[in-house]
Amino acid sequence: MHYIRLLRPAKFDASDRRKPIISLLITITTDLGDSFLYPDAPVDLVVSADGPTGESVALLRPDQSPRWAAGMRVLDIKIPVKPQLKKDDITCVIKIHPAAQSLPLGALKSTDVLPWHSTTGSSPSQGLIMPAVVEMMKGVCSPVSLRTLQLNTGPQLEDQLVLDLEEDIGESIARHIWDAGVVTACFLADTCRSDKSARDVLPIRKDGFGIIELGSGVGILGLTLAHIVERAAAVQGQTLSEATILLTDLAEAEERARSNISRAETAISRISAGSCKVTLQYEDLDWDEGRHGRFGPLASARPWDLVVLSDCTYNVDSLPALVGTLSALHAANSRHTDVEKDAKTSVILATKPRHSSEQALFGLLEADKWRYTVIKSIPLPKLGEEDEVVDIYLLEKGGETT
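A brief structural summary. Small disclaimer: the values here were computed from a predicted structure and weren't measured. (Residues numbered from 1 in each chain as written. Predicted model: local features only at pLDDT ≥ 70, side-chain atom pairs only at ≥ 80, totals over all residues. Heavy atoms only, no water.)

## Some details on the overall build of the protein chain
Next up, step 1: Scanning the protein chain for helices and strands turns up 10 helices and 19 strands.
Next up, step 2: Projected onto its principal axes, the C-alpha positions of the protein chain cover 80 × 45 × 40 Å.
Next up, step 3: Counting the 402 residues in the protein chain, one finds 54% classified as buried.
Next up, step 4: When contacts within the protein chain are restricted to residue pairs at least 6 apart in sequence, those whose partners lie at least 24 apart make up 74%.
Next up, step 5: When the accessible surface of the protein chain is split by element, carbon and sulfur atoms take 50% of a total near 17800 Å². (Helix = DSSP H or I, 4+ residues; strand = E, 2+ residues; numbered from the N terminus. Buried < 20%, exposed > 50% of the residue type's maximum accessible area, 1.4 Å probe, protein only. Contact = heavy atoms within 4.5 Å. Areas by Shrake-Rupley, 256 points an atom, 1.4 Å probe, with all protein chains shown as cover.)

## Details of the nonpolar core
Next up, step 1: Formed by 57 residues in total, the largest nonpolar core has its most connected members in Leu149, Val182 and Leu202.
Next up, step 2: If you tally residues by element for this core, the top one is helix H5 (residues 220-235), at nine residues.
Next up, step 3: Setting aside anything within four residues of it in sequence, one finds Val182 in contact with Met1, Tyr3, Leu108, Met130, Leu149, Ile177 and Ile220.
Next up, step 4: Among the nonpolar cores identified, the runner-up in size contains 32 residues, and Ala10, Leu24, Leu45 and Val47 belong to it. (Core = buried A, V, L, I, M, F, W, Y, C linked by side-chain atoms within 4.5 Å.)

## Description of the packing of helix H3 (residues 179-190) against H5
Next up, step 1: Between H3 and H5, the shortest axis-to-axis distance is 9 Å and the interhelical angle comes to 15 degrees. It follows that H3 is roughly parallel to H5 by the angle criterion. Note that H3 runs across H5; the crossing there is right-handed. From H3, Gly181, Val182, Thr184, Ala185, Leu188 and Ala189 reach across to H5, where they touch Ile220, Leu221, Thr224, Leu225 and Ile228.
Next up, step 2: Tallied by class, the residues present in the contact of H3 with H5 amount to eight nonpolar, three polar and no charged. (Axes fitted to C-alpha atoms, helices over the stretch in contact; angles between N-to-C directions. Parallel < 35°, antiparallel > 145°, perpendicular 65-115°, else oblique. Left-handed = near helix turned anticlockwise from the far one by under 90°. Nonpolar A, V, L, I, M, F, W, Y, C, P; charged D, E, K, R; others polar.)

## Structural notes on the packing of H5 against helix H6 (residues 254-271)
Next up, step 1: Relative to each other, H5 and H6 sit at 10 degrees, their axes nearing to 10 Å. As the angle between them shows, H5 and H6 are arranged roughly parallel. Along its contact with H5, which presents Leu223, Ala226 and His227, the element H6 presents Asn260, Ile261, Ala264, Ala267, Ile268 and Ile271.
Next up, step 2: In terms of residue class, the contact of H5 with H6 is built from seven nonpolar, two polar and no charged.

## Focus on unusual backbone geometry
Next up, step 1: Looking along the chain, the bond that leaves Leu103 and enters Pro104 is cis, with omega of 10 degrees.
Next up, step 2: Note that Pro104 resides in the loop between strand E7 (92-98) and strand E8 (107-109).
Next up, step 3: Located in the positive-phi region is Lys138, a residue other than glycine, with phi close to 50 degrees.
Next up, step 4: Here Lys138 shows up in the loop between strand E10 (132-137) and strand E11 (140-152).

## Section: the pattern of salt bridges
Next up, step 1: Within this structure, the stated rule accounts for 28 salt bridges.
Next up, step 2: Linking Arg5 and Glu167 is a salt bridge whose minimum nitrogen-to-oxygen distance equals 3.9 Å. Of this pair, Arg5 sits in strand E1 (residues 2-6) while Glu167 is found in strand E12 (residues 160-168), placing the two residues 162 residues apart along the sequence. We note that Arg5, like Glu167, is buried.
Next up, step 3: Close ionic contact of Asp179 with Lys352 constitutes a salt bridge, the shortest N to O distance being 2.7 Å. Taken together, the positions of Asp179 in helix H3 and Lys352 in the loop between strand E17 (345-351) and helix H10 (360-367) put the pair 173 residues apart, joining distant regions of the chain. (Salt bridge = Lys/Arg side-chain N within 4 Å of Asp/Glu carboxyl O.)

Written as structure tokens, this is what we have:
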């Protein structure tokens, strides 16, 4: 998958008063930013700039659509603005969307990401580009861009859930969403379509459920689960009274994670049936501390029914600390008085294999007596390059019967 990224905040330029513009400097790269999109044929982009009432502030003609071609590293997009508008009049949402991909503008649909919902030869089956969205207020651009996932949990209109995630603007790959997180978020939402798939992946057997995300970054998995957990329980015939989702990461992730929690809380309040209280939290967690069982008060407060993480295995040097933290969480779970002795700890781990050295993870898991199976391997087509795959694993420890 490739991603449209803003290299700097959008700028309003009225140096020519007769032809004011909004300037966007973008690139289209892989999730790690290690290669640029090199398509076989140019990729046309749709750009919109709509105000609060839905009226466009731009004067874009169809023949002015920007285009990304092989060999490009950056694209400077100039959006003509209605000449009567001044800087203070420019309050709008700017969306940059591949012309060949499904609507709505600015969003990526989970049904386009999952190959069993796409037809052979369709645009999604050739490779996807993640759209980008940015907001301007009185001519000043927000310092973050938005990624929007339309999560499909069923066939009805009310089953389409919208997840908005803030990312930092710029070339840094920190505090961004990555491939395995995107694909797994779509897969988790898709499991809500049937009793069997929900039970296989997200079994919920009691009226309370606790989820902790490790290396959460912007919080893509935890916040996806916050949106769907009540539905996942309902399709299994279970009524949830409360769900707690705790995002954890290093301190530099906190600001973006908390902003995304705030967005998710607002969205969930609109879609919740009201019977389940969903609590979203954030806490710093360094795996070098976690491997020794040193957790913060929130991580220590309760046993966790599910641990989730994605895109966390590419740095081989961090794998011992990661596995140590997983094992320490299992030990902490077992110490809670309301948990059976040697109760099972379940982990959903998603990764897009990038190099063979990542296989060291499985030796470390085996040494710490973790069992692991592949829940799903999901092909990930990539425009202009070889296809990739996202592997979603279930890790389990404890709970074995003799």
